[in-house]
Amino acid sequence: MPVCAFCGHEFPKHMGILYVSNSGRTYWFCSKRCFKSMIEFKRRPEKFKWTRIYRIRRQKEKAKSAKTV
């Protein structure tokens, strides 16, 4: 499942928006709200409480470990 480039949430592949920049980099967005925030308004996800990266940076949510052995 893809992960939103702005908010960090996982969503089903048949939903969401796929954006390809001029440089060829692809971005998946779960909603139009995330798409507009990142592409049109050039906002930083660290500043919004509803994004996952905000919660991780402020220790409100634990980051997933790479591998648990």
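Scope of this entry: the structure provided in the associated data block.

Here we look at helix H1 (residues 32-40)
Where H1 is concerned, the buried positions are Cys34, Phe35 and Ser37. If you follow the buried residues of H1, they end up packed against strand S1 (17-20) and strand S2 (26-29). Immediately downstream of H1, the backbone of Lys42 shows phi near 55°, a positive value.

Description of the nonpolar core
Membership of the largest hydrophobic core is limited to eight residues, which are Cys4, Phe6, Cys7, Phe11, Tyr27, Phe29, Cys34 and Phe35. Put simply, the parts of the chain that give this core at least two residues each are S2 and H1. Beyond its immediate sequence surroundings of up to four residues, Cys4 is in contact with His9, Phe11, Trp28, Phe29, Cys30 and Cys34.

Observations regarding the state of the cysteines
Scanning the entire structure with this criterion turns up zero disulfides. Here Cys7 is not cross-linked by a disulfide; its sulfur's nearest cysteine counterpart is in Cys30, at 3.5 Å. In this structure Cys34 is not part of a disulfide, and its nearest cysteine sulfur, from Cys30, lies 3.7 Å away.

Thoughts on the pairing of S2
On S2, burial follows the alternation: Tyr27 and Phe29 on one face are buried, whereas Thr26 and Trp28 on the facing-out side are not. Hairpin geometry of S1 and S2 is characterised by an intervening segment of five residues between the two adjacent antiparallel strands and by a positive phi of about 100° at Gly24.

Quick notes on the rules
- Residues numbered from 1 in each chain as written.
- Predicted model: local features only at pLDDT ≥ 70, side-chain atom pairs only at ≥ 80, totals over all residues.
- Heavy atoms only, no water.
- Buried < 20%, exposed > 50% of the residue type's maximum accessible area, 1.4 Å probe, protein only.
- Helix = DSSP H or I, 4+ residues; strand = E, 2+ residues; numbered from the N terminus.
- Contact = heavy atoms within 4.5 Å.
- Core = buried A, V, L, I, M, F, W, Y, C linked by side-chain atoms within 4.5 Å.
- Disulfide = S-S within 2.5 Å.
- Pairing = 2+ DSSP bridges.

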